[in-house]
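# Examining the three-dimensional arrangement
Spelled out from the first residue to the last, the chains are:
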Amino acid sequence: MGNRSTVTEFTLIAFPALLELRIFLFVVLLPTYTLTVTGNIIIIFLTWTNNRLQTPMYIILSNLSCLDILYTTVVTPKLLACLLGEKKTIPFVGCITQTYFYFFLGTVEFILLAVMSFDHYVAICNPLGYTIIMNSRVCLLLVLGCWVGAFLSVLVPTIGVTGLPYCKKEINHFFCDIAPLLQVACVDTYLIEQINFLLSALVILSSLTFTTGSYTYIISTILCIPSAQGHRKAFSTCASHITVVSIAYESNIFVYVRPNQNYSLDFDKVAAVLITVVTPLLNPFIYSLRNGKVKEVLRETMNRVMSLILRKT
């Protein structure tokens, strides 16, 4: 039996044997990743270069964009390299680092989704008091709390996983998720599994409860809007937000909010694609690029860029 000192790297074995299928996945995932990063960079650039977007709502959205870039980058580049490369290994330190940042950034996302739902609640249900309640100081504290709270909450479980002895080198996944990593440990991991379950349940379910409550109040307020056009516009916005939120919550609940982390790893792989690839792609287009003010600023920015190009030519 091996131990941690002898296991210097892991081999990721959850890749299709058929080369054509791996090429197909690469062709699909590469443009998806590129589009995700590009879309989110555009949101960040527009927010921090235009005074009209430097308000709490758009600052929170730019944080979500930054988070989505980091979140998908933790997994996707290594996944793409393994799809076409002969070598499908990851160093022990790289594996633990990937595990930590995957859960750290995932935790940030759920806390940030709750903050965003609160921002939407105040904007729709108490528009006159919005600038007082969601002032710059409150916005900064909320965003900072998301990142610091997530950093601290994931630190202890990661230290516990790092100290485990490992007997096997093969991880049955396409990245270092917690369940397949615990499967190759030499010791009983029941305690760590329970800690991960409790932390995941606390973060995801509390965020879900808060978000659901906020959108319940938002929908009840929308129903009081007398204008049919106002109804449609508000419901369209809410429906798109709820769709993305539902994908994020449902996939994570089925994977992480369960006591036994070794159950149904095949389903976990499908859910992981939703979590790390699909959701970061949808977020900028649902939350930001459908927004009227963001579209207006984007149009003005593109016109300025085109004018500069035409002048130089």
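The residue count restarts for each chain, going from 1 along the sequence in the order it is written. The model is predicted, so local features are restricted to residues of pLDDT at least 70 and side-chain atom pairs to those at 80 or more, both for listing and for counting; the totals for chains, interfaces and linings are taken over all residues. Neither water nor hydrogens contribute to the side-chain values; these are computed over all heavy atoms in the structure.

Per an unreviewed UniProt entry, the chain is named Olfactory receptor 6M1, and its organism is Enhydra lutris kenyoni. UniProt positions are given in the numbering used here, feature names are shortened, and annotations may be inferred rather than shown by experiment. What UniProt records for the chain under Sequence similarities (unreviewed entry) is the sentence "Belongs to the G-protein coupled receptor 1 family."

This part is about the sheet that holds strand β1 (residues 9-12). In this description, strands pair whenever DSSP reports at least two bridges between them. Helix and strand assignments follow DSSP, with helices taken as H or I runs no shorter than four residues and strands as E runs no shorter than two, numbered in order from the N terminus. The three strands are arranged β2-β1-β3 in an open sheet whose pairing can be described as mixed. Looking at the sheet topology across the chains shown, the edges are occupied by β2 (89-91) and β3 (170-171). Running over the sheet, helix α3 (residues 92-125) touches β1, β2 and β3 and is turned about 85 degrees from β2. Any pair of residues with heavy atoms lying within 4.5 Å of one another is described as a contacting pair. Axis angles are defined between N-to-C directions and span 0 to 180 degrees, where every axis is a line fitted to C-alpha atoms and, for a helix, only to the segment in contact.

A patch consists of residues exposed above 30% relative accessible area that lack any salt bridge, with like charges linked at up to 9 Å and nonpolar side chains (Val, Leu, Ile, Met, Phe, Trp, Tyr) linked at up to 5 Å. Under the convention used here, a 1.4 Å probe and the Shrake-Rupley method define accessible areas, while residue burial counts only the protein chains that appear. By convention in these notes, a salt bridge is any Lys or Arg side-chain nitrogen within 4 Å of a carboxyl oxygen on Asp or Glu. Together, Leu 144, Val 148, Phe 151, Leu 152, Leu 155, Val 156 and Ile 159 line one region of the surface with nonpolar side chains, adding up to about 640 Å² of accessible area. Note on placement: Leu 152 falls in helix α5 (residues 136-162). Throughout this description, buried means an accessible area under 20% of the type-specific maximum (1.4 Å probe, protein chains only), exposed means over 50%, and partly exposed covers the range between. Leu 152 sits in the exposed class, given a relative accessible area of 52%.

Under the local residue numbering, the UniProt record ascribes the feature "transmembrane region" (unreviewed entry) to residues 23-46, 58-80, 100-118, 138-156, 197-225, 237-258 and 270-289. Segment residues 23-46 splits into 100% helix and 0% strand. End C-alpha atoms: 35 Å apart. Along residues 138-156 the backbone is 100% helical and 0% strand, and the end-to-end C-alpha distance reaches 28 Å.

This brings us to the pairing of β1. Burial of the side chains of β1 is restricted to one face: Phe 10 and Leu 12 are buried, whereas none of Glu 9 and Thr 11 on the reverse face is. Where β1 meets β2, three bridges bridge the pair, whose relative direction is antiparallel. Of the residues in β2, the one forming a bridge with Thr 11 is Thr 89. In this sheet, β3 lies alongside β1 in parallel orientation, the contact comprising two bridges. Considered in β3, the bridge of Leu 12 is made with Ile 171.

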